[in-house]
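Now for the letters of each chain:
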Amino acid sequence: MLSSYLTMAAILFCLGLYGALTKRNAVVVLLSIELMLNAVNLNLVAFAKYGVVPSLTGQMFTLFSIAVAAAEAAVGIAVLIALYRARGTVNVDEYDEMRR
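Residues numbered from 1 in each chain as written. Predicted model: local features only at pLDDT ≥ 70, side-chain atom pairs only at ≥ 80, totals over all residues. Heavy atoms only, no water.

Trainee: Please clarify how the overall build of the protein chain should be interpreted in this entry.
Mentor: Broken down by element type, the protein chain carries three helices and zero strands. Each helix and strand of the protein chain, placed in order from N terminus to C terminus, yields the pattern α-α-α. Relative to the globule expectation of 13 Å for 100 residues, the C-alpha radius of gyration of the protein chain, 17 Å, shows a markedly less compact shape. C-alpha atoms of the protein chain, sized along the principal axes, occupy 55 × 25 × 15 Å. Within the span of the protein chain, comprising 100 residues, buried residues form 22% of the whole. Counting contacts in the protein chain only where the partners sit at least 6 residues apart, residues at least 24 apart contribute 54% of the total. Accessible surface, the protein chain as shown: approximately 7,000 Å² in total, 71% of it carbon and sulfur. Distance between charge centroids for the protein chain: 4 Å, based on 7 positive and 6 negative side chains. (Helix = DSSP H or I, 4+ residues; strand = E, 2+ residues; numbered from the N terminus. Rg over C-alpha atoms; globule rule 2.2 N^0.38 Å. Buried < 20%, exposed > 50% of the residue type's maximum accessible area, 1.4 Å probe, protein only. Contact = heavy atoms within 4.5 Å. Areas by Shrake-Rupley, 256 points an atom, 1.4 Å probe, with all protein chains shown as cover. Lys, Arg positive; Asp, Glu negative; His and termini not counted. Charge placed at Lys NZ, Arg CZ, Asp CG, Glu CD.)

Trainee: When you look at helix α1 (residues 2–22) in this model, what are you seeing that I'm missing?
Mentor: Turn by turn, an α-helix covers 3.6 residues, leaving residues three or four places apart pointing in a common direction. Here α1 is 21 residues long and its end C-alpha atoms lie 30 Å apart, about the 30 Å a rise of 1.5 Å per residue gives. Residues of α1 that are buried include every one of A9, L12, G16 and G19, and no others. In a view along the axis of α1, the buried residues occupy a sector of 90 degrees, so they form one face of it. Of the exposed residues in α1, the ones pointing more than 90 degrees away from its buried face are Y18 and L21. Tucked inside the fold, the buried residues of α1 contact α2 (26–50). (Expected span 1.5 Å × (residues − 1). Arc of directions from axis to C-beta.)

Trainee: Just checking my understanding: could you explain the confidence of the model for the protein chain for this structure?
Mentor: It should be kept in mind that the predicted coordinates are not to be read in detail where pLDDT is low. When pLDDT is averaged along the protein chain, the result is 91, and 97% of the positions lie at 70 or above. Highest mean pLDDT in the protein chain belongs to α1 (96); lowest belongs to helix α3 (residues 57–87) (92). (pLDDT = per-residue confidence, 0-100.)

Here's what the structure looks like:
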C-alpha cells in the first residue's frame with residue numbers, strides 16, 4: 001500500500017519537475033513547483049501513516065508545508081504581476097536581467 005503512494009508522489013514530482021524545467025510561462029512554472037510540493041506532502045502523509053512508527057508528525061509537517069506553499073504562491077504571483085506590469089510579458093526567458 002505504501003508503494004502506491006510513493007509511486008503516485010514520484011509521478012507528480014516528475015511532472016512538476018518537467019514543467020518547471022521546460023515551460024516558458026512563469027505562471028506554469030509556479031504551478032509546477034506547487035505540484036512538486038504536493039508530491040512531497042503526499043510522501044510525508046504516507047510515511048506518517050505507513051511508517052515504522054505511525055504518528056501525526058508527518059501530517060503536522062504537511063500542514064506547515066501547505067501554509068508555506070500558500071505564502072510562496074501569494075508572493076510569487078505578486079512578483080509576477082509586478083514583472084508583467086514592468087516588462088509586459090510572463091516569459092521566463094525575458095527575465096534574465098534585473099534591469100533594462
